[in-house]
Amino acid sequence: MFKKLQLYFGATVILLILLMILFPSFFTSINPYATEGLKSYVDGDGVYHLEKAPFAPQSGMLMGTDELGRHIWPLIVYGTKLTMTLAFLIVILRFVLAIPLGFLAGFGSLTAHGIIDKLARFFGTIPTLLLCIIILKMEFFIGLDKNMSILSFVLLLGFVGFGKTGIVIEERVASIVREPFVKGDIAIGKNKIQIAVSTVFRHLYSELIVMFFLEFARALTLLLQLGLFAVFVGNVRFIEDSSSGGFKTMDISYEPEWASMLGAARNNIRSAPWIVFFPAMAFFISVLGANAFGESLRNVLNGQLKFKKPNRIAMSIILVVVVSLTGLKVWQFYNTNYGFELESNLLNQVKLEDEPVLLGNANAVIATAYMENQLIQRGFKPLKGNTIIQGYKTEKGYYTKEGTVNLDHVDITNEIVWISHGDFDVEASVVDMRNADLYDEHVLDHIDTLEKSVLLLDGQFYSELAIENISKRLSISDKVAGLVWIKNLDRVRQENLSQLNLKVPVFYLSHGYKMSDSVETHDIKIYERFANTGDQGQNLYAILPGTSPTMGEEAIVLGLAYNAEDKYSFEKLMQFNLSVIDEVIGNEVNRKRTLIVMFIDGTMNDTFNGINDYASQSLYSQKDVLLYVDLTRVNGIESGKVIFDQNQSPISRYFAYTFAMQFAEKLDKASIKPAKIENPNWMDQRLYDEKGFPTLIIGLKEDHISHEKDLINLKELGQMITTVINQNNY
């Protein structure tokens, strides 16, 4: 009876481990990466409480939290995969090294015997634990990333432990070789390889299976011991205090892993014992279960424990369990990959003119009224004052209402970006001045000797500010009918808004455009009509309070754009924006943190950017903003290259850092390589520098050069963003 109970216990532990590896979300709905650093609430007596992690076990957090506010239970559940994978790979390496050497030594090889004997003696003299600590505590190993850290652990822990395993295998092989049936094999002419494979291994494989589980338990024990000394995979070192002249550090692991929980919590054994107790219990139960299962297998294979052959009912039950687990895996996949449906028929709800939606124009006024109504319908309240729409003063701007450019009777409008704006109708020849030094004080004298022409200039080596200043200076000449700057448009923000209103048209032409070599004199025809934006921008600031009484003040901020080149681009942009909002607020049970939405005006040009308005005032507590997701670079295009910048989400802001890591992982799984921000400037980090908001920039840009697999559509991008937000917003 005891032997059967031992088998049932060991099998149950192994089964639970496998289920936690395959179906972690079945055991907990809490994201192991998400944090709950501060809790503030008012009790029944009206007393205000402010607490910081770690939090003791209580209702809603079965095992409490660690120092960063991560729940212990999901850390254990999701940490099962990495911890068990480490132990499994360590044992596999030991067997890969020990089995061939053990077989060779068992057949009489003195070299193989010498290797495993000396290694076993060496690592028996110098404690394995001490050696591993000395090596893995080196700065080189501490600084490795996750994959390389796993590799270093497996190689070192596998190598230092295979000697003892090899000796056991050698002794068993040698005892089998001395059996009469082996001598019979030798007598009939079998060589050593045939004897090893067909005879010795057939008698040894059952013991190897038992040894595997016993070695697995020993590997887990070694990982536990290393964890107590803060040696674990993916070590990240925080500086807690530097006021005394030195550095007091805290070691944690970004990844959920049992040993790291022990190492990071060893200083809290008195103040927060639950941080140590629960992962230690996970190790204890796993080691006990692996040992019990290994010993029980030995009893089964030796005939000391027998079972009846399973009948049809038992087989049917097993089949039902397998099918149920498969269905559970499918359910888990769909449960952790949120759907994302774009809003539809927006243009039927908001009546826009067929012109841009830009700062201060009539379309912008209609658009902001529509968006305010949509936010109110979704339960949002004004973040400031009594209205969601907040006006701000800005510079007066100009934009192109309509315009075409023809070069040698070919329409190149799609290859240009307007710099200045005005009412122009120009027909002229093109003079190539790409090799001219435009800073030369005599360049105007040379231009005055020409016929009235449109100048072709090289803008590759001039900044955008320099191009604007040079354009102002050259446009003074009566011989200049227009200016065409050759420029890499991938490095030029696609803006249709500026402060330049010159007497001649000025625009960028893509440096990738090939002009015909057969034409000696190029003719150009330029047509443009412009409009004013006014000097009054309109942002929308709205807040939806969190549902949790303990973390409701913690907020995620979404920065969204609504400027668009035409009403059709506005429709696609608003489909994306409103769908993101709906997905984030759709599950009220999960939405415990506050959501702040900012629709930013003037995003098509840094000069007019409405983020300046928010940066100039304090509308929400800086300490409560866990993350600002800047989506203002998502415009009205249906698909393009992902822009992704996580430089403003440092590891010291753990919530934002883990959010960035998870979004990067989703891009990686989709085989999408994001683009970097071209020409980053102070506007991109305004809220990070001035408000301390950890910022993640996600955008979309047209890219006709990239391979199709590198491109993503609005729906796919929205699903990635909202899935990570929902998983972090429990």
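Residues numbered from 1 in each chain as written. Predicted model: local features only at pLDDT ≥ 70, side-chain atom pairs only at ≥ 80, totals over all residues. Heavy atoms only, no water.

Let's shift gears to the overall build of the chain. From N to C terminus, the chain includes 20 helices and 20 strands. Across the 730 residues in the chain, those meeting the buried criterion constitute 52%. Within the chain, contacts between residues at least 6 apart in sequence are counted, and of these 79% link residues at least 24 apart. Per element, the accessible surface of the chain, about 35,000 Å² overall, is 56% carbon and sulfur. (Helix = DSSP H or I, 4+ residues; strand = E, 2+ residues; numbered from the N terminus. Buried < 20%, exposed > 50% of the residue type's maximum accessible area, 1.4 Å probe, protein only. Contact = heavy atoms within 4.5 Å. Areas by Shrake-Rupley, 256 points an atom, 1.4 Å probe, with all protein chains shown as cover.)

On average, residues of the chain carry a pLDDT of 83, and 88% of them reach 70 or more. Here strand β3 (residues 235-241) stands out as the element of the chain with the lowest mean pLDDT, 60, in contrast to strand β5 (residues 381-382), whose mean of 95 is the highest. (pLDDT = per-residue confidence, 0-100.)

In this structure the tally under the stated criterion is 16 salt bridges. R70 is the partner of D66 in a salt bridge, and the nearest nitrogen-oxygen pair spans 2.8 Å. Judged on exposure class, the residue D66 and its partner R70 are both buried. Here R218 and E215 are joined by a salt bridge, their closest N and O atoms 2.8 Å apart. Of this pair, R218 and E215 both sit in helix α9 (residues 192-228), three residues apart, which is roughly one turn of that helix. By relative accessible area, R218 is classed as partly exposed at 47%. A relative accessible area of 5% places E215 in the buried class. Salt bridges sharing partners connect three or more residues here, namely R94, E215 and R218. (Salt bridge = Lys/Arg side-chain N within 4 Å of Asp/Glu carboxyl O.)

This part covers the nonpolar core. The biggest cluster of nonpolar side chains holds 75 residues, and the ones touching the most others in it are F103, F153, L157, I169, L223 and L226. At the level of secondary structure, the elements contributing two or more residues to this core comprise α1 (2-22), α3 (72-106), α4 (110-125), α5 (128-136), α7 (146-177), α9, α10 (258-265) and α11 (274-301). Tallying contributions element by element places α9 first for this core, with 17 residues. Excluding anything up to four places from it in sequence, L223 contacts T83, L86, A87, I90, F153, L157, A259 and F283. Among the nonpolar cores identified, the runner-up in size contains 57 residues, and V597, L627, I637 and F663 belong to it. (Core = buried A, V, L, I, M, F, W, Y, C linked by side-chain atoms within 4.5 Å.)

Relative to the elements of secondary structure, N612 occurs in helix α17 (residues 611-615). Remark: the alpha-carbon pair of N612 and T394, spanning 218 residues in sequence, is separated by 9.5 Å. With residues near it in sequence (within four places) discarded, N612 still touches D606, W682, M683 and R686.

Time to look at unusual backbone geometry. Excluding glycine, most residues fall at negative phi; most peptide bonds, likewise, are trans. Even without glycine at this site, H409 takes up a positive phi of about 65 degrees. With respect to the helices and strands, H409 occurs in the loop between β6 (389-407) and β7 (410-411). Located in the positive-phi region is S671, a residue other than glycine, with phi close to 60 degrees. Mapping S671 onto the fold places it in the loop between α18 (654-669) and α19 (686-691).

Along any regular strand the residues' side chains alternate between the sheet's two faces. Most of strand β13 (residues 506-510) is tucked away, with five of its five residues classed as buried. The alternating pattern of β13 places V506, Y508 and S510 and F507 and L509 on opposite faces, both of which are buried. Examined bridge by bridge, strand β8 (residues 416-418) and β13 share three bridges and lie antiparallel to one another. Along β13, the bridge assignment pairs V417 with Y508. Note that strand β11 (residues 480-487) and β13 share five bridges and pair parallel. Of the residues in β13, the one forming a bridge with W485 is Y508. (Pairing = 2+ DSSP bridges.)

Position of E67 relative to the elements: it lies in the loop between β2 (48-52) and α3. Taking the C-alpha atoms as reference points, E67 and I275, 208 residues apart in sequence, are found 8.6 Å from one another.

Turning our eyes to something else, we now look at a negative patch on the surface. Negative charge collects at one region of the surface, where D437, D440, E441, D445 and D448 lie side by side. Relative to the assigned elements, E441 resides in the loop between β9 (424-432) and α14 (443-447). (Patch = residues over 30% accessible without salt bridge, like charges linked within 9 Å, V, L, I, M, F, W, Y side chains within 5 Å. Lys, Arg positive; Asp, Glu negative; His and termini not counted. Charge placed at Lys NZ, Arg CZ, Asp CG, Glu CD.)

Now for α3. Since there are 3.6 residues in each turn of an α-helix, residues three or four apart along the chain are aligned in direction. Given a rise of 1.5 Å per residue, 35 residues ought to cover 51 Å, and the 47 Å separating the end C-alpha atoms of α3 matches this to within 8%. Taken as a whole, α3 carries its principal kink of about 45 degrees at G79. Within two residues after α3, G108 carries a phi angle of roughly 110 degrees, on the positive side. (Expected span 1.5 Å × (residues − 1). Bend = angle between axes of the 7 residues up to and from the residue.)

Here we come to the packing of aromatic side chains. All told, the structure shown has 15 aromatic pairs when counted by the stated rule. Seen in terms of ring centroids, F95 and F212 are 6.0 Å apart; in terms of plane orientation they differ by 80 degrees. Their pairing is edge-to-face. Pair noted here: F95 is in helix α3 and F212 is in helix α9, with a separation of 117 residues, a long-range link. Neither residue differs from the other here; F95 and F212 are each classed as buried. Consider the rings of F644 and F663, whose centres lie 5.1 Å apart with planes at 55 degrees: the pair is tilted. Within this pair, whereas F644 is found in strand β18 (residues 639-645), its partner F663 is found in helix α18, the two being separated by 19 residues in sequence. (Phe/Tyr/Trp six-rings, centres within 6.5 Å; stacked < 30°, edge-to-face > 60°.)

Taken together, the side chains of F9, F277, M281, F284, I285 and L288 present a nonpolar region at the surface, about 530 Å² in accessible area. Per-element accounting of the nonpolar patch gives the leading share, five residues, to α11. Inspection of the secondary structure assignment puts F9 in helix α1.

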